[in-house]
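# Overview (structure and organization)
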Amino acid sequence: MYFIVVNGKQHSVYGFNEYVEALEEAAQLDHIYNSPELNDGVQQTNEIKLLTFTEMMESSVEMVI
């Protein structure tokens, strides 16, 4: 499984065979949250991560059920 994490909170979950989809969503979220074009000219510093199941379990991410 793959988890997308935005600023320490789980945003979405993808299955084992959906790596490409998860990677695309993570890139889209990075653009939405951090690009100056979409944030009134200000470069944002939101942290977007793509984690595997193992990485998710070892991290201190706030999981959403």
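What you see as residue numbers is a count from 1 along each chain, following the sequence as written. With the structure being a predicted model, the display of local features is reserved for residues of pLDDT at least 70 and the display and counting of side-chain atom pairs for 80 or more, all residues being used for whole-chain, interface and lining totals. The basis for every side-chain value is the complete set of non-hydrogen atoms in the structure, without hydrogens or water.

By convention here, two paired aromatic rings are described through the distance between centres and the angle between planes. Between rings of Phe, Tyr and Trp, where Trp is taken as its six-membered ring, a pair exists when centres lie within 6.5 Å; planes separated by under 30 degrees are stacked, by over 60 edge-to-face, and by other angles tilted. Taken as a whole, this structure holds 2 aromatic pairs when the rule is applied. Taken together, a centroid distance of 6.3 Å and an interplanar angle of 35° make the contact between Phe3 and Phe53 tilted. Placement of the pair is Phe3 in strand S1 (residues 2-6) and Phe53 in helix H2 (residues 53-58), with a sequence separation of 50 residues. The cut-offs for exposure are 20% and 50% of the maximum accessible area for each residue type, with area from a 1.4 Å probe on protein chains only; residues under the lower value are buried, those over the upper are exposed, and the others partly exposed. Assessed through its relative accessible area of 39%, Phe53 is described here as partly exposed. Working definition: helices are DSSP H or I runs of at least four residues, strands are E runs of at least two. Numbering for both runs from the N terminus.

Attention shifts here to the nonpolar core. Buried Ala, Val, Leu, Ile, Met, Phe, Trp, Tyr and Cys residues form a nonpolar core when they are joined through side-chain atoms within 4.5 Å. In this structure, Tyr2, Ile4, Val6, Tyr14, Ala22, Ala26, Leu29 and Ile48 together form the largest nonpolar core, which totals 8 residues. Two residues qualify as a contact provided that any one of their heavy atoms is within 4.5 Å of a heavy atom in the partner residue. For Leu29, the residues in contact, after removing those within four places along its chain, are Ile4, Val6, His11 and Ile48. Counting residues in each nonpolar core, the second largest holds 5 residues, with Phe3, Val5, Leu51 and Met56 among its members.

This brings us to helix H1 (residues 19-34). Helix length check: H1, at 16 residues, gives a terminal C-alpha distance of 22 Å against a target of 22 Å (1.5 Å per residue), a fit within 8%. In this structure, the buried side of H1 is in contact with S1, strand S2 (9-14) and strand S3 (48-52). In this analysis, the expected span of each helix is defined as 1.5 Å times one less than the number of residues it contains.

Before going further, it helps to spend a moment on the side chain of Asn34. With respect to the element layout, Asn34 can be found in helix H1. Residues contacting Asn34, with those up to four places away along its chain left out, are Asn39, Val42, Gln43, Gln44, Thr45, Asn46 and Ile48.

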